[in-house]
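Read off the chains here:
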Amino acid sequence: MADALSAIPAAVLRNLSDKLYEKRKNAALEVEGIVKQLTVAGDHDKITAVINLLVHEFTYSSQANHRKGGLIGLAAATVGLSSEAAQHLEQIVPPVINSFSDQDSRVRYYACEALYNIAKVVRGDFIVFFNQIFDALCKLSADSDPNVQRAAHLLDRLVKDIVTESDQFSIEEFIPLLRERMNVLNPYVRQFLVGWITVLDSVPDIDMLGFLPDFLDGLFNMLSDSSHEIRQQADSALSEFLQEIKNSPQILSFIYKFLTLAVLLMKSVDYGRMAEILVLRASSPDEFTRWTAITWINEFVKLGGDQLVPYYADILGAILPCIADKEERIRVVARETNEELLAIKAHPAEGFDVGAILSIVKRQLSSEYEATRIESLHWISTLLNRHRKEVLSFLNDIFDTLLKALSDPSDQVVLLVLEVHACIAEDQHNFHQLIVFLVHKFHIDKVLLEKRGALIIRRLCVLIDAERVYRELSTILEGEADLDFASTMVQALNLILLTSTELSDLRDLLKQSLVDAAGEDLFLSLYASWSHSSMAILSLCLLAQAYQHTSSVIQSLTEEDINVRFLIQLDKLINLLETPIFAYLRLQLLEPGRYIWLLKALYGLLMLLPQACLQSAAFKILRTRLKTVPSYSFGNEQVNRTSSGNPSVHFSDDGNKNVHNGINFAFWLQRFQQIQQKHRVHFRSQERSHNISTHSSKVKEKPREFRGPPVPELTRAPSRLSRKGPGQL
């Protein structure tokens, strides 16, 4: 300290802390001259003492004017040192940088001025302090005082010039600081950061491209900034980097490094860096950000080739949502990228993670957008074709989601889901599991059965095999504990069987039940489950041309069986008899002598309709059809016409055969009756429960005898037709 005081006159020190700038400036010039003389003399000990005096007595003083004087004094000392300044920078620069955070804006301003003058002298020698200076300038760029901002801007320009011409700058040491600052939201700081990224990228010897993953997310963040200028600068920087990537011979190694770093980070972050950049930014609410992100992804997929294989799942997670983006240009790029990914054939041995892909598409199957769900299903289908074994190993993870997709509001999605299910069901175990789960799904979701049941069953019959599907369904429904559901399901399957063009081959096979072993086997495989519905079993027997057995089933029906539900089903059956599917049956009526049991069965159906239903459409249809049966005499049976023109049929009692072509119809009739008896007991139990519930709640209204929609014909008064004679229908 004594050496410094002896070197610098007291008057100079006093002026250095004066409130007037001119006096401080003149004092600084005095300090410059003194230091210059000491430098020429080579007295660095005294120079060190002078610098310490300026630092501790001035720049660290509690008085603002002292701090201002200290800063201008340090700058003057550096000018005096000239080429010898480098060895004293450790003393000079830190106090100046420390003053950047001073509470007094004028002190901060003079700190910028001092460092500017110091930098002009030492140039590249102060690069060792670059990170500290950059951090300080980053904060000063958003300073509340415009004068400080302007001073910082001038200093920033000088520092950029020095860095671009220096060979001592370490990009490796700088990148961590840049990465940390990229999350700042202040617009001035963002402009400052983009400016530095652009400048450093323009330096040939600095490989900014290799460190792009460290600040890429920050640039994407800026694309949604409220300032148009910042968005434009960020986009310009990103475009430049993307062009460099496309032109760089090291592109593949860059992408590999980029994605590897992302995956390593995923161990500690939920979605990892890859998710932050590709998934998060691709789903940004800002359109420009989404479009830029998906464009980058598209270029990566095109250029990355096989090296991107281990990262398919993360990339796909960004693409699929964008396929349904509201902006057309984003949708176009997303679809193109998706097609590029699908076209790249990779194997799990190459790092292709089937499980990760399935996890992504499973999540996207719940998307609110139809296009995304459709593409997700295309991915599952593609994976099944290429890597069936691996996909099936994850079947338990996706099966429930695929079943839920059957309830999708989009028919196209449902059809694609069925294709996936059909592909999975090529194995018997998976096929059985599919049908079991499908029946369970119909059981718990009655709306699905009602609205989509026919579509699902028909499509499965086309994709797999109608006979195989119906046999499996029959086996499952035969042991169904819920009798109401079993009856409903069988009625639905029966209606599909009788009306769907896709099941024409199955119907043709059933028509041969009495003459062909395959038809007989199919008939018997359906019989037990079809017994849950009396009308379904009658339809099956008519389709199989087992007319005698049909008549026996009709005769076995009891009073309890003929309820509103039964009559509704009977109405449907009679209408179906007039469709092209039963054309063969109607043609057989031209030979009443040969098909006497068919006549008896049809008259049996007619007789099941109560007198009050004489004017119903079903009754009229069937009665009109029977009127057209020609008169024919044969053996002991005769079909005559009365004077009124209505057919009157007389049957001989010569057809009580219990076995036909190996089918023990007596056994199967007994089986039918047993199952129907279970339904009767169940129905009575429900009625008792209903009555008890009604009584306990003190509801005065009398319980209805039957449930279901009202049938007005049952309550209609007898018409004039009912007064005809017993032989006149």
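Residues numbered from 1 in each chain as written. Predicted model: local features only at pLDDT ≥ 70, side-chain atom pairs only at ≥ 80, totals over all residues. Heavy atoms only, no water.

Visitor: Looking at this structure, I do not really get the overall build of the chain. What am I missing?
Guide: Broken down by element type, the chain carries 36 helices and five strands. In the chain, buried positions account for 51% of the 729 residues. Considering only intrachain contacts with a sequence separation of at least 6, the fraction spanning at least 24 residues in the chain is 70%. (Helix = DSSP H or I, 4+ residues; strand = E, 2+ residues; numbered from the N terminus. Buried < 20%, exposed > 50% of the residue type's maximum accessible area, 1.4 Å probe, protein only. Contact = heavy atoms within 4.5 Å.)

Visitor: I keep staring at empty space enclosed by the protein and nothing clicks. Help me out?
Guide: Taking a probe equal in size to a water molecule and rolling it over the atoms shows the remaining empty space. Taken as a whole, this structure holds seven cavities of 30 Å³ or more when the rule is applied. Quantified by volume, the largest cavity comes out at close to 390 Å³. Looking at the largest cavity, it is lined by 23 residues, and the ones nearest its centre are Asp561, Asn563, Arg565, Gln676 and His679. Every element with two or more residues in the lining of the largest cavity is listed here: helix H27 (483–499), helix H30 (534–543), helix H32 (564–576) and helix H36 (665–696). For the lining of the largest cavity, the leading source of residues is H36, giving six residues. Listed by contribution, the elements that provide at least two residues to the lining of the second largest cavity are helix H18 (328–343) and helix H20 (370–386). Residue composition of the lining of the second largest cavity, grouped by class: eight nonpolar, two polar and two charged. (1 Å grid on protein atoms, 1.4 Å probe; cavity = no way out; pocket = protein on both sides within 12 Å on 5 of 7 lines; lining within 4 Å. Points joined across faces, edges and corners; volume = space filled by probe spheres on them. Nonpolar A, V, L, I, M, F, W, Y, C, P; charged D, E, K, R; others polar.)

Visitor: Looking at this structure, how should I read unusual backbone geometry?
Guide: The bulk of non-glycine residues show a negative phi, and the bulk of peptide bonds are trans. Positive phi values are uncommon outside glycine, yet Arg123 reaches one of about 50°. For Arg123, the location among the structural elements is in the loop between helix H7 (105–122) and helix H8 (130–140). In this structure Arg123 comes out as partly exposed when scored by relative accessible area, which is 28%. In this model, Gln545 sits at a positive phi of 65°, which is unusual for a non-glycine residue. Within the secondary structure layout, Gln545 lies in the loop between H30 and helix H31 (547–556).

Visitor: What is the right way to look at the environment of Phe192 in this model?
Guide: As for its position among the elements, Phe192 is in helix H11 (residues 187–201). For Phe192 and Lys139, which are 53 residues apart along the polypeptide, the C-alpha to C-alpha distance reads 9.7 Å. Residues in contact with Phe192, not counting those within four places in the same chain, are Phe134, Leu137, Cys138, Ser141 and Asp156.

Visitor: Explanation requested: the nonpolar core in the structure shown.
Guide: Note that soluble globular proteins tend to have their nonpolar side chains buried in a common cluster. One finds Phe215 and Tyr470 to be the most contacted residues of the largest nonpolar core, which totals 233 residues. Top element by residues in this core is helix H34 (residues 596–608). It accounts for ten residues. Apart from residues lying up to four places away in sequence, Tyr470 is in contact with Ile457, Cys461, Leu493, Ile496, Leu497, Leu503, Leu506, Leu526 and Trp530. (Core = buried A, V, L, I, M, F, W, Y, C linked by side-chain atoms within 4.5 Å.)

Visitor: Hey, could you run me through the packing of helix H12 (residues 212–222) against helix H13 (residues 228–247) in this one?
Guide: Geometrically, a packed helix pair is captured by the angle between its two axes and the distance between the axes. Interhelical geometry of H12 versus H13 gives an angle of 145° and a closest axis separation of 9 Å. Every pair of crossing elements has a handedness; the one defined by H12 and H13 is left-handed. On H13, the residues that touch Leu212, Phe215, Leu216, Leu219, Phe220 and Met222 of H12 are Ile230, Arg231, Ala234, Ala237, Leu238, Phe241 and Ile245. Tallied by class, residues from the contact of H12 with H13 come to twelve nonpolar, no polar and one charged. (Axes fitted to C-alpha atoms, helices over the stretch in contact; angles between N-to-C directions. Left-handed = near helix turned anticlockwise from the far one by under 90°.)

Visitor: How should I be thinking about the side chain of His549 in this particular structure?
Guide: Topologically, His549 is positioned in helix H31. In contact with His549, not counting residues within four places along its chain, are Tyr527, Cys541, Phe665, Trp668 and Leu669.

Visitor: How should the packing of H7 against helix H9 (residues 146–165) be read in this particular structure?
Guide: Where H7 meets H9, the closest approach of the two axes is 9 Å, and the angle between their N-to-C directions is 20°. As judged from the angle between their axes, H7 and H9 are roughly parallel. Remark: the crossing between H7 and H9 carries left-handed chirality. Between H7 and H9, the residues in contact are Ser105, Arg106, Arg108, Tyr109, Cys112, Leu115, Tyr116, Ala119 and Lys120 and Asn147, Val148, Ala151, Ala152, Leu154, Leu155, Leu158 and Ile162, respectively. Taken together, the residues of the contact of H7 with H9 sort by class into twelve nonpolar, two polar and three charged. (Parallel < 35°, antiparallel > 145°, perpendicular 65-115°, else oblique.)

Visitor: Teacher, can you tell me more about the pattern of salt bridges here?
Guide: Oppositely charged side chains may form a pair once their charged atoms are brought near each other. Scanning the entire structure with this criterion turns up 29 salt bridges. Salt-bridge contacts for Asp18 lead to Lys23; the nearest nitrogen and oxygen are separated by 4.0 Å. Where Lys302 meets Glu336, a salt bridge forms, and the shortest distance between an N and an O atom there is 2.6 Å. Here Lys302 is found in helix H16 (residues 287–304), whereas its partner Glu336 is found in helix H18, with 34 residues between them in sequence. Several salt bridges converge on common partners, so that one network encompasses Asp135, Lys139, Glu180 and Arg181. (Salt bridge = Lys/Arg side-chain N within 4 Å of Asp/Glu carboxyl O.)

Visitor: Is there a simple way to explain the packing of aromatic side chains in this structure?
Guide: What characterises a pair of aromatic rings is the spacing of the ring centres plus the angle enclosed by the ring planes. Summed over the entire model, instances satisfying the criterion amount to 21 aromatic pairs. Ring centres 5.4 Å apart and planes at 90° place the aromatic pair Tyr312 and Phe352 in the edge-to-face group. In this pair, Tyr312 sits in helix H17 (residues 312–322) while Phe352 sits in the loop between H18 and helix H19 (354–364), placing the two residues 40 residues apart along the sequence. Per residue, the accessibility class of Tyr312 equals that of Phe352, and both read buried. Considering the side-chain rings of Phe523 and Tyr527, the 5.7 Å spacing of their centres and the 70° angle between planes classify their relative orientation as edge-to-face. Residue Phe523 and its partner Tyr527 are located together in helix H29 (residues 517–530), separated by four residues, close to a single helical turn. For the pair Phe523 and Tyr527, a shared accessibility class is recorded, and that class is buried. Linked through ring pairs, Phe130, Phe134, Phe169, Phe174, Phe192 and Trp196 together constitute an aromatic cluster. Above the plane of the ring of Phe431 lies Arg468, whose end atom (NZ or CZ) is 4.0 Å from the centre. (Phe/Tyr/Trp six-rings, centres within 6.5 Å; stacked < 30°, edge-to-face > 60°. Lys NZ or Arg CZ within 6 Å of the ring centre and 35° of its normal.)

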